Amino acid sequence: MSDTTLPSLKPSPRRATSPLRSRALRARVSHALAVLFGVSLLTFLVAHATGDPVTLLLPANAPEATRIALAHHLGLDQPLPVQYGLFLLHALQGDFGRSFLYGQPVAPLVLQTLPATLELAAAAFCIALLVGLPLGVLSASRGGVASAALQLLSMLGLAMPAFWLGLMLVLVFAVQLHLLPVDSSGGVSHLVLPALTLSLLSLARISRLVRSGMQEILDRDFIRTARARGLPEWRVVWVHGLRNVLVPVVTMAGMELGDLLSSAVVVEVVFAWPGIGRLSVEALGARDFPLLQGTVFIAGLGFVLINLLADILCARIDPRIASGATSSGSIAP
Amino acid sequence: MSRLSSSPRISSGLGVAGAALLAVAVLVALAAPLIAPWPPMQIDLRARFTPPAWEAHGVLRHLLGTDNLGRDIASRIVWGARISLGVGVAASLLGAAIGGTLGLCAGYFGRGVDAAISWLIDVQLAFPFTLFALFLLAVFGGGPGPVVVVLALATWVNYARVVRAQVMALRGQDFILAARAVGVPSGRILLRYLLPAVAPAMVVVGSFSAAQAILTQAALSFLGVGVDPSSPSWGAMLDLGRSYILSAWWMATFPGVTIALVVLGANLLGDWLREWLDPLAVSRR
Amino acid sequence: MPPALPVRSGPITRRSFNATLAAAALLPRPTAAASIAPVVITSDEDVTTLDPHLIRNNHPIGSLIWSLFDSLVRRRPDGTHEPRLATGWSQVSPTVWHFTLRPGVTFHDGERLDAAGVVFNFNRMNQAPWNGECQLWQQSGLVACAALDPLTVALTTAAPSSTLLYWLEEAFIGPTAYLRDTAPELVGSHPIGSGPYLFVSWQRGSQVTLRANPAYWGGAPPIRDVVFRAVPELSARLDELKGGSIDLLTGLDPDSAALAVSPVSGVRQVRGLRKMHVGIAQHGIAPLRDRLVRQALNHAVDVQLMVDTLQRGTTTRLLSVINPPNNDPALQPFAYDPQQARALLHQSGHAGFAVELAFDGRYADAQETCEAVGSFLEAVGLHPVLKAYESGHFAETLRARGFPGLYFYGFAAQIEPLVELVVFTGSAIDNASGYDNPAVDAVMRQAADVTDADARAALVRQAEGMIWNDAPWIYLWYLPALYGSSHRLEYTPRPDDYVEIYRARLAA
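Being a predicted model, the structure only gives us computed values, none of them experimental. (Residues numbered from 1 in each chain as written. Chains lettered and ligands numbered in written order. Predicted model: local features only at pLDDT ≥ 70, side-chain atom pairs only at ≥ 80, totals over all residues. Heavy atoms only, no water.)

**Regarding the sheet that holds strand E11 (residues 207-212) of chain C**
All names here are of chain C. With respect to topology, seven strands assemble into an open sheet ordered E10-E11-E12-E1-E13-E20-E14, the strand pairing being mixed. In this open sheet, the two strands that pair with only one neighbour each are strand E10 (197-203) and strand E14 (265-270). Relative to strand E13 (residues 248-249), strand E1 (residues 39-43) runs parallel, the two being bridged by two bridges. Bridged to Thr42 within E13 is Leu249. (Pairing = 2+ DSSP bridges. Helix = DSSP H or I, 4+ residues; strand = E, 2+ residues; numbered from the N terminus.)

**Observations concerning the interface of chain A and chain B**
Facing 56 residues of chain A, the contacting portion of chain B comprises 55 residues. Taking both partners together, chain A and chain B bury about 5100 Å²; carbon and sulfur atoms supply 73% of that area. The interface formed by chain A and chain B includes one salt bridge. Connecting chain A to chain B are four residue pairs in polar contact (both at pLDDT 80 or more). With 10 residues, helix H1 (residues 14-49) of chain A is the largest single contributor of residues to the side of chain A that touches chain B. (Contact = heavy atoms within 4.5 Å. Buried area = accessible area lost by both parts, 1.4 Å probe. Salt bridge = Lys/Arg side-chain N within 4 Å of Asp/Glu carboxyl O. Polar contact = N/O pair within 3.5 Å; in protein donor to acceptor, adjacent residues only side chain to side chain.)

**Describing the sheet that holds strand E18 (residues 406-411) of chain C**
Residues and elements named next belong to chain C. Taken together, five strands build an open sheet; the order of strands is E17-E16-E18-E15-E19 and the sheet is mixed. Each of the sheet's edge strands pairs with one partner strand only, and the pair in question is strand E17 (383-389) and strand E19 (473-478). Between one strand axis and the next, the sheet turns by 25° as a mean value, whatever way the strands run. Here strand E16 (residues 354-360) runs beside E17; their pairing, made up of seven bridges, is parallel. Looking at E17, one finds that Asp360 is bridged to Tyr389. Relative to E16, helix H14 (residues 364-379) is tilted by about 165°, and along the sheet it contacts strand E15 (275-280), E16, E17, E18 and E19. (Axes fitted to C-alpha atoms, helices over the stretch in contact; angles between N-to-C directions.)

**Some words on the confidence of the model for chain B**
All names here are of chain B. When pLDDT is averaged along chain B, the result is 85, and 89% of the positions lie at 70 or above. The element-level mean pLDDT for chain B is lowest in helix H11 (residues 279-284), coming to 44, with helix H3 (residues 73-109) highest at 93. Long-range and interchain partners of residues 1-6, a stretch whose pLDDT sits below 50, account for 11 contacts in this model, where long-range means more than four residues apart. In this model residues 280-285 is a low-confidence stretch, pLDDT under 50, and it forms 11 contacts with partners more than four residues away in sequence or in other chains. (pLDDT = per-residue confidence, 0-100.)

**Concerning the packing of aromatic side chains**
Residues and elements named next belong to chain C. All chains considered together, the criterion is met by 25 aromatic pairs over all chains. Summarising the aromatic geometry, the rings of Phe334 and Tyr475 are spaced 6.0 Å apart at their centres and angled 25° between planes, so their arrangement reads as stacked. Linking Phe334 in the loop between helix H12 (303-309) and helix H13 (338-348) with Tyr475 in strand E19, this pair joins segments that are 141 residues apart in sequence. For the pair Phe334 and Tyr475, a shared accessibility class is recorded, and that class is buried. Here the aromatic cluster, defined as three or more aromatic residues joined through ring pairs, consists of Phe334, Phe411, Phe424, Tyr435, Trp468, Trp473 and Tyr475. Over the face of the ring belonging to Trp217 we find Arg102, whose NZ or CZ atom lies 3.8 Å from the ring centre. Just above the ring of Tyr478 sits the side chain of Arg271; from NZ or CZ to the centre is 5.2 Å. (Phe/Tyr/Trp six-rings, centres within 6.5 Å; stacked < 30°, edge-to-face > 60°. Buried < 20%, exposed > 50% of the residue type's maximum accessible area, 1.4 Å probe, protein only. Lys NZ or Arg CZ within 6 Å of the ring centre and 35° of its normal.)

Structure below.
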């Protein structure tokens, strides 16, 4: 184990695989693009199936001529494929059109609210990793009742509806104890409850993954050897054991971060967090297609990018999987 | 079964506990008319916001209190079991049908079919699901049918990924190769050889998916696009309770606890089943 | 005045230290110039645009746009018209009006108000996309406007209009050069008006900040800094109110009113004017076209019980389809009488039918009301089917008259009989129930043409009674106008939901 930055089981034959890896990388990138295409198509189709925005934009008693003029003004009188083609062409230039609701270009609107969502997701992600990882390791290395208790705890985390937990947290901390504020205006303390709520599911999943990975690793020969060499137990577990479960954790962490972005919708609604989740629910209510497409597309873009990044990171940690299958067959929830 | 070695008794104990939780929930759902003290829709405006029996002003005939229209919370939870469990199971089964089929095809045929299906899987995974569900329900309108369809769209990916991976592993095995060599048609191989082989894994995924479906259903109700706002589904009760969280905590608390217990049961059962039914996944790890 | 922290002479105990910390946390960040914290007004949603001719949701109604902009006239709480940018007006012929502008008014950017600018604004309101939002031309029948001299504007309507002033209340005037030469999104995000407040900033989705206009023609408003903040959850708004970080909370419902009471806050209440009702669609299922059935529905529902319980007695039953004080005091509410309801249904030959009861799923109280109404209808043998519409879909269906049965809705809090009754005429575009009684239409046409005020009032009263007895709605109650308010804010709420923060002041 001379390589300190790449915690792999064996020294990696990096030079030999490098052309393969660049080809694999190209394949991954084009795959990511294909997925993005699918996301945009789906967004576009579903958004258009939901109804007529002109009706919502105009008051109930607007005359027909006004309605037709507005439909034309918004480009809604063109055939669907043309509308989609235009959407895609403009999207490639970072132009997602103009929000009906706000009368402003979509991209800046979304980018304005994006930091709030990223802040929330990042905070939740940190909580999930910082708590979930040690919890998983602990529960794997301490057998018996402690392990079962931790396992049960993580199961509870998986079982509670996130928004319900959010409500309960508000009820206990903000209303009963007056410890934390519920609103979303400024300050770190405002971040605590929503981030905690959002992190719970990921936390539970990460700790379970680490636990099952560790349980298996700790039975391996090289761990026994390490123990036989008289290394202290904490070192065996936290260094030799942990670095070997990192690959699935990184892959999953990528998925989790993407998941956090999308499940932030509910949490943002509960906590009045002014992020893209709330923006998109608002856009949905008003049938604001461009805004809806913009938010969903940007969320999808984020998800795909994060997973691409996780893939590349994994390939660096463990080159053996660089050329492997993309979709995992794990049946863990 | 190396990972069980640490605590097999506790693990199976938890599994049994999970099964018991689910069994109770199912029994309650089936026996709802016998158990529930009140009709779930019976409104009594003069008894609005009665707190649970043990609180001040609580009354024994409304054990868990009443809601904003004076309806009995306990009775609504009991009746709600029918809706929430029914929708969860139906969605999970429909998801299994879709995901199983696609997973089998992707794993067995490989190449273009696999690429297309994997693309679908990844697109589905990249889409912020909650939003996707909101769109679809905005189009279809509410109601149990559309909700089941939407939830199935949430769960099919789980099945498809597992089945695909397993079929890929099985495809090269002797009994499949032999069957192909003697000219058994593809459809028959898929149905008679591969499906039974992946069925245990699908049962495991099914129990997790039902749990996921129940949770997602609650989230959708919470965002206002649930089964039917006035029917006593647990999610709708939660959503309603949110508006009164400061004045009537019991309205949101008890349905939430119920959901958590049932989902916990399904997850515990799933964990246990996985260890018993799916040695392949366990040994592969 | 909360900002000054108590000066403690004794030792700082841990407890008092914590209390000081808590107090400090609740205080707004101190501003450099003044020690008075801004007055914060919250509602459930932010504005979407600040373009004076596009504004569609504006926090508490009127609060923002009335603070930033002026119109020629403004409605008073009693429905009469207050001179604002116009100091006077006269109807020089049945279809021509002359408005005299207030001299010496300047916009926030220094531009002077003149007749040409008003004409420019009115013309902008008649172009897409602004004409979709501003209903001035369509609704008042305006066909021409012209500047006669720098301080006189002439407006010409196609036919004699009795509602021109009403529509002018919502026709806001901005500076010509800015509106003409600026990109629309800048106009929508950086408003310049002539109102009592200047625009400072807008954090989209979160809050709009205003500052008193020292050069306002009516004098600078008493409160210097005002913040309109969007806080979607009522529970969060209540928490902030009790924590002292907001001053006026809108969207308070009767069930939550008690929660607004704290050492620093209380409830302000007036009887509202929005007419809550269950509309009875005339274009859906056949039984509802029968007047006996509609009257039966009104007898079937115990509205008073709902007012006493659901509304906690904070409002009263609807007295008429015309808001007080213009309503006919002789009209009687339909008595709660299930026997009578059953008898009427039987008499009409339409007993026991199924009927959809639709509501906007966004509002919890809408569902509550519909569930209660549904249970009363069930009790007289009908089969109501509740249906929550997604908010956008509800608006669409309402517009398209697409509801097959009953729908829960609130009709605007106006105080202008002719405007209020126009939705009950057969051809009105926003006649959501589709109620169509040719006799009523004829009386209404007569009323619009009559110039004598007394004769018109008599005709209006006649139409009012005909509509009331025809029962196009299940009459419910006036939406209670409830506000949570900090004790430091001195303000009298209006019954029509409009919030005029420039009339508020801080307690000494």
